[in-house]
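One-letter residues, chain by chain:
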Amino acid sequence: MSTNITAKAGGNGAGTHGEAGANGKGDGDGKKPGKGNGTAARRPGGERRKLSYPVVLLIVAGGLVALSLLRIVTGSDQVTSSGQYSSALAAAVPIGLAGLGGLWSERAGVINIGLEGMMMLGAFSAGWMGWQHGPWVAALAGIAGGALGGLIHAIATVTFGVDHIVSGVAVNILALGVVQFLAKLWFGAEGSAAADAGGNDKQSPPMEDMPTFTVPGLAEGLQAVEKHHWFLVSDIAGILGSFVSNVSWLTVLAAALFVGSFYALWRSPFGLRLRSCGESPVAAETLGVNVLRYKYAAVTVSGALAGLGGAFLAIGVHIYQDQQTGGRGYIGLATMIFGNWRPGGVAMGAGLFGFMDALQLRAGGPTVHALLLLVAVMLAALALWKLRKGGMVQAAISGVTAVGLLVWYLMTDTVPLEFVEMSPYITTLLVLSLAAQRLRPPKAIGKSYRRGQGT
């Protein structure tokens, strides 16, 4: 079956493994360009290009040099400190898990803006079980709670054909009400074991710490190099140090889930069938794929991943708290869009948003003020690039914004606290606006499907 699907999935215009269908429109996930009318792998300006590994490494190296220069010019050591990146890693994991959950669902053609509600269910379930049975059981409970939210979304959208946006909003509202009601009932009831253990209407009793690991020798050596504040070398040591010192095992699990999701969705017959449901469910069904079953599986896994992200939040601070997710499900959705529905892109987006989230919590105004200079330089470079490509309007907007940020940086020594708190969300809007022109969502995303629709 998998061989037939690989060879024929593009039969009526929905190839999903690099082969185009009859109209020549593949999704570019494979190595071969689209066939047919010759337009599948092309953009208005020419052929579609993918970033090679050397180019990616060059971009990473350029980013490290830019951060090191920023640290020296502004004197803001927090930009590349190990503490900053440890906090960024902790902030990125729940966002990344929510984004990865959205990727699973939307690759199967189901829009999932209910990620926030599924994270709430996961966080509450983790708090409920964690204070009684420990952090690992809390993580499993979070997965189960989020999967329940995903199953509700799947029933509404896949079985009953409810509009995906409406269903997602309903899941968010329903989850908020459920967790607040159950928190009062289970954590805040007078005389209950939870209340006696420190719980109340807004939070669960505390749970045990999640185990962490540190690489002996390497962690201490990197910390010693970081303290010298050498150009680039100390900055790299500070960043690498965050990955080998006091790292939660849940963070390792999250990284493994990203790798596993890539191989499951792009290197297995299961993933090919699932993605074909998001590209052309009619074509997939003609090849024997049970489209509804795959959609159910994808949305349930989506909820489970988001629930694990919510559990990570509760386990990280040892308790469940009301409104604990703080909009991270929506930011996770933004990382999925920024990452172009690919696990690697989601991980990069989560890292960026996690960095900004940790920055406003840990470093505050002075470091965010230093980043104004970096953003101004990047926007100026973008303006020159757009001008070279003939995009006069985009170049003008980028140039004017760059000048405004530069003037702001030169005229002040810090930024208002309110702006610091808004920085993660401003970053979300800026990144999405810059990435919007290269996005390629699944073709059948958001469309209702009925079994036998193509017959």
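Here, the structure is the one placed above.
Quick summary incoming for the structure in this document. Quick caveat, the model's predicted, so the values are computed rather than measured.

Focus on the environment of G446
Then, in step 1: Examined against the element boundaries, G446 turns out to sit in the segment after α18 (417–435).
Then, in step 2: Linking G446 and A108, residues 338 residues apart in sequence, is a C-alpha distance of 9.6 Å.

A word on the packing of helix α3 (residues 82–107) against helix α10 (residues 249–266)
Then, in step 1: Where α3 meets α10, the closest approach of the two axes is 10 Å, and the angle between their N-to-C directions is 20°. The angle between α3 and α10 places the two elements in the roughly parallel class. Crossing hand, α3 versus α10: left-handed. Residues L89, V93, G96, L97, L100, L103, W104 and R107 of α3 touch α10, and the partners they reach there are T251, A254, L257, F258, S261, A264, L265 and W266.
Then, in step 2: A per-class count over the contact of α3 with α10 returns twelve nonpolar, three polar and one charged.

Thoughts on the nonpolar core
Generally speaking, nonpolar side chains in soluble globular proteins are found buried as a group.
Then, in step 1: Grouped together as the largest cluster of nonpolar side chains are 35 residues, with contacts concentrated most on L103, W104, L265, L274 and M336.
Then, in step 2: Here the element with the most residues in this core is helix α13 (residues 291–317); it accounts for eight residues.
Then, in step 3: When neighbours within four sequence positions are excluded, W104 is seen to be in contact with S261, A264, L265, F270, L274, A298, V301, S302 and L305.
Then, in step 4: L70, Y85, I239 and L373 belong to the second largest nonpolar core, which has 24 residues in total.

Some words on the packing of aromatic side chains
Then, in step 1: Per the stated rule, a full pass over the model turns up eleven aromatic pairs.
Then, in step 2: Centroid distance F124 to Y320: 5.4 Å. Interplanar angle 85°. Geometry classified as edge-to-face. Here F124, found in helix α4 (residues 115–133), pairs with Y320, found in the loop between α13 and α14 (328–338); they are 196 residues apart in sequence, far enough to count as distant. Both residues of the pair, F124 and Y320, belong to the buried class.
Then, in step 3: One aromatic cluster is present, formed by F124, W128, W186, F187 and Y320 through successive ring pairs.

Things to note about the layout of surface pockets
With a probe scaled to a water molecule rolled over the atoms, the places where space remains empty come into view.
Then, in step 1: By volume, the second largest pocket is sized at about 650 Å³.
Then, in step 2: Along its surface, the second largest pocket is lined by 32 residues, and A90, F312, L313, G316 and V317 are the ones closest to its centre.
Then, in step 3: Among the secondary structure elements, those contributing two or more residues to the lining of the second largest pocket are α3, β4 (247–248), α10, α13 and α15 (343–362).
Then, in step 4: By residue number, the principal contributor to the lining of the second largest pocket is α3, which donates six residues.
Then, in step 5: For the lining of the second largest pocket, the per-class residue count stands at 13 nonpolar, 15 polar and four charged.

Rules used in this analysis
- Residues numbered from 1 in each chain as written.
- Predicted model: local features only at pLDDT ≥ 70, side-chain atom pairs only at ≥ 80, totals over all residues.
- Heavy atoms only, no water.
- Helix = DSSP H or I, 4+ residues; strand = E, 2+ residues; numbered from the N terminus.
- Axes fitted to C-alpha atoms, helices over the stretch in contact; angles between N-to-C directions.
- Parallel < 35°, antiparallel > 145°, perpendicular 65-115°, else oblique.
- Left-handed = near helix turned anticlockwise from the far one by under 90°.
- Contact = heavy atoms within 4.5 Å.
- Nonpolar A, V, L, I, M, F, W, Y, C, P; charged D, E, K, R; others polar.
- Core = buried A, V, L, I, M, F, W, Y, C linked by side-chain atoms within 4.5 Å.
- Buried < 20%, exposed > 50% of the residue type's maximum accessible area, 1.4 Å probe, protein only.
- Phe/Tyr/Trp six-rings, centres within 6.5 Å; stacked < 30°, edge-to-face > 60°.
- 1 Å grid on protein atoms, 1.4 Å probe; cavity = no way out; pocket = protein on both sides within 12 Å on 5 of 7 lines; lining within 4 Å.
- Points joined across faces, edges and corners; volume = space filled by probe spheres on them.

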